[in-house]
Amino acid sequence: MNIELSIVMPCLNEAETLAVCINKAQSFFERENISGEVIIADNGSTDGSQKIATDLNATVVNVPQKGYGSALRGGIEAANGKYVIMGDADDSYDFSNLMPYVIKLREGYDLVMGNRFKGGIKKGAMPFLHKYLGNPVLSFIGRLFFKSKIGDFHCGLRGFSKEAYYTMELKTTGMEFASEMIVKSSLKDLKITEVNTILSPDGRSRPPHLNTWRDGWRHLRFLVLYSPNWLFLIPGLLLFIFGIITSSFLLFGTVSIGSVNFGVHTLLFTSGFILIGFQFILFYGLTKVFTVENELLPKSNKYDKLFKLINLEKGLIVGAILVIIGIILSFSAYFDWQAINFGDIENTSTLRSVIPAITLMLLGVQVILFSLFFSILGLKK
């Protein structure tokens, strides 16, 4: 018999609530006349959870690699359904009320997310920090970085087609698996929607596996590392442009704002901003090539254009020109020093040649080295 829906529950010592969750899922199949199966992805339980699941005719999949993401990936890959709905086995989600998810999946959506903030969070179901800081902030960052409209990035109850799951190419093993699923779906232009979901208090007497600060950091780290635009490109451009503008003014003399004077010593710092900002921009380029070529991020339409715009030959030419200009300015400063018989330089005009000279030579060397490494990373092209 063809199975339409697989309900996958990660399990690590869930004996207190597992039977309730399985019974609710099976009653849902029967009531809605859905051909379905319950998959328990066991991550090394020692409290008899496996026997509980087997006695209730659920399929137990043993996943030796530890982690929330590992357990779910093992269970999902063993599922036989056209669609998969995943949810925690702690009785915080109602497996007897999954029809809104099924309807959206049948309509052709690739990923159907639950939204607990719209559906309702019962008293005691979510810690204060998670409700008012962790989830809202991380969801906002996810929407900002990846142009996603999802309001609740970390709802544990979500559905997707098996085909979409393989398209996502998920890699993570821990709690950040939840963020990766949305990020990859957004980057790969899958159809995503939300349904209202009620979150109830955890039915277990023991503390949850989730660690507020550790797992929150893992989610944040994942979102940042998967968005090189926000991590490297945007900060780099802002710093680089600020350095260029301020250095341009300071090259022609001291700038006074009120009683504060900004002179040649400030020029050293603004030149440093140019170099640091440019380094961020270069690192963005290298990160982009590395992540795409290693299939960590999907290839965008702009990616191939990047190799037409930037190549080894252009980089070597531009880098060489910057170095040559820097050398010319250095000679100009040398002749100014020679004019005073190589004595102490008391005026600041010489430094206004020396600082740009050094900055340009460093930029030129960076461009040359970047072009070489960029070409190595893109050898597959």
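This report concerns the structure included in the present document. On a predicted model such as this, the values are computed, not experimentally measured, just so you know.

1. Quick notes on the packing of aromatic side chains
Tallied over the entire structure, the rule returns twelve aromatic pairs. Ring geometry for Phe28 versus Phe29: centroids 6.2 Å apart, planes at 50°, classification tilted. Here the aromatic rings of Phe145 and Trp230 are separated by 5.2 Å at their centres, their planes lie at 15°, and the arrangement is stacked. Of this pair, Phe145 sits in helix α6 (residues 128-146) while Trp230 sits in helix α10 (residues 228-250); the two residues are 85 residues apart in sequence, bridging distant segments of the chain. A network of ring pairs unites the aromatic residues Phe145, Phe146 and Trp230 as a single cluster. One cation-aromatic arrangement involves Lys191 over Tyr109; the distance from NZ or CZ to the ring centre is 4.8 Å.

2. Remarks on the sheet that holds strand β4 (residues 83-86)
Strand order in the open sheet formed by seven strands is β3-β2-β1-β4-β6-β5-β7, with mixed pairing between adjacent strands. The sheet terminates laterally at β3 (59-62) and β7 (192-196), the two strands that pair on one side only. Taking each pair of neighbouring strands and ignoring which way they run, the sheet shows an average axis angle of 25°. Across four bridges, strand β2 (residues 36-42) lies against β3 in parallel orientation. Its bridge partner being in β3, Ile40 is matched across the sheet by Val60. Sitting on the sheet, helix α1 (residues 18-32) is in contact with β1 (5-11) and β2, with an inclination near 175° to β1.

3. A short note on the environment of Lys162
Along the chain, the position of Lys162 falls in helix α7 (residues 162-168). Exposure remark for Lys162: the relative accessible area of 12% places this residue in the buried category. For Lys162, the residues in contact, after removing those within four places along its chain, are Ile76, Glu77, Ala79, Gly81, Lys82 and Val84.

4. Notes on a nonpolar patch on the surface
On the surface, Ile327, Phe331, Tyr334, Phe335, Trp337, Ile340 and Phe342 cluster together into a nonpolar patch covering about 650 Å² of accessible area. Looking at where Phe335 falls in the secondary structure, it is placed in helix α13 (residues 312-339). Owing to a relative accessible area of 48%, Phe335 belongs among the partly exposed residues under this scheme.

5. Remarks on the side chain of Ser185
Relative to the assigned elements, Ser185 resides in helix α8 (residues 177-187). Contact partners of Ser185, with chain neighbours within four places excluded, come to Leu111, Met168, Leu190 and Ile192.

6. Describing the packing of α8 against helix α9 (residues 212-225)
For the pair α8 and α9, the least separation of the axes is 9 Å and the interaxial angle reads 25°. Accordingly, the angle class assigned to the pair α8 and α9 is roughly parallel. Seen along the crossing, α8 lies across α9 with a hand that is right-handed. Along its contact with α8, which presents Ala178, Ser179, Glu180 and Val183, the element α9 presents His219, Phe222 and Leu223. Counted by class, the contact of α8 with α9 contains four nonpolar, two polar and one charged residues.

7. A closer look at the nonpolar core
Residues Leu5, Met9, Ile40 and Phe160 are the most contacted members of the largest nonpolar core, which totals 81 residues. Take this core: its biggest share by element is seven residues, from helix α11 (residues 264-293). Those residues in contact with Met9 that sit more than four places away from it in its chain are Leu18, Cys21, Ile22, Ala25, Val38, Ile39, Ile40, Ala41, Gly87, Ala89 and Phe95.

8. Quick word on the pattern of salt bridges
Side-chain pairs of opposite charge can arise whenever the charged atoms involved come near each other. Scanning the entire structure with this criterion turns up eleven salt bridges. Between Arg204 and Glu14 there is a salt bridge, and its shortest N-O distance comes to 2.8 Å. With Arg204 in the loop between β7 and α9 and Glu14 in the loop between β1 and α1, this residue pair connects regions lying 190 residues apart in the sequence. Like Glu14, Arg204 is buried. One salt bridge in this structure joins Lys104 and Glu107, with 3.7 Å as the shortest N-O distance. Residue Lys104 is classed as partly exposed on the basis of its relative accessible area of 24%. Taking the relative accessible area as the measure of exposure, Glu107 reaches 47% and is therefore partly exposed. One salt-bridge network, in which partners are shared between bridges, spans Glu14, Asp90, Asp202 and Arg204.

So, how was this worked out
- Residues numbered from 1 in each chain as written.
- Predicted model: local features only at pLDDT ≥ 70, side-chain atom pairs only at ≥ 80, totals over all residues.
- Heavy atoms only, no water.
- Phe/Tyr/Trp six-rings, centres within 6.5 Å; stacked < 30°, edge-to-face > 60°.
- Helix = DSSP H or I, 4+ residues; strand = E, 2+ residues; numbered from the N terminus.
- Lys NZ or Arg CZ within 6 Å of the ring centre and 35° of its normal.
- Pairing = 2+ DSSP bridges.
- Axes fitted to C-alpha atoms, helices over the stretch in contact; angles between N-to-C directions.
- Contact = heavy atoms within 4.5 Å.
- Buried < 20%, exposed > 50% of the residue type's maximum accessible area, 1.4 Å probe, protein only.
- Patch = residues over 30% accessible without salt bridge, like charges linked within 9 Å, V, L, I, M, F, W, Y side chains within 5 Å.
- Areas by Shrake-Rupley, 256 points an atom, 1.4 Å probe, with all protein chains shown as cover.
- Salt bridge = Lys/Arg side-chain N within 4 Å of Asp/Glu carboxyl O.
- Parallel < 35°, antiparallel > 145°, perpendicular 65-115°, else oblique.
- Left-handed = near helix turned anticlockwise from the far one by under 90°.
- Nonpolar A, V, L, I, M, F, W, Y, C, P; charged D, E, K, R; others polar.
- Core = buried A, V, L, I, M, F, W, Y, C linked by side-chain atoms within 4.5 Å.

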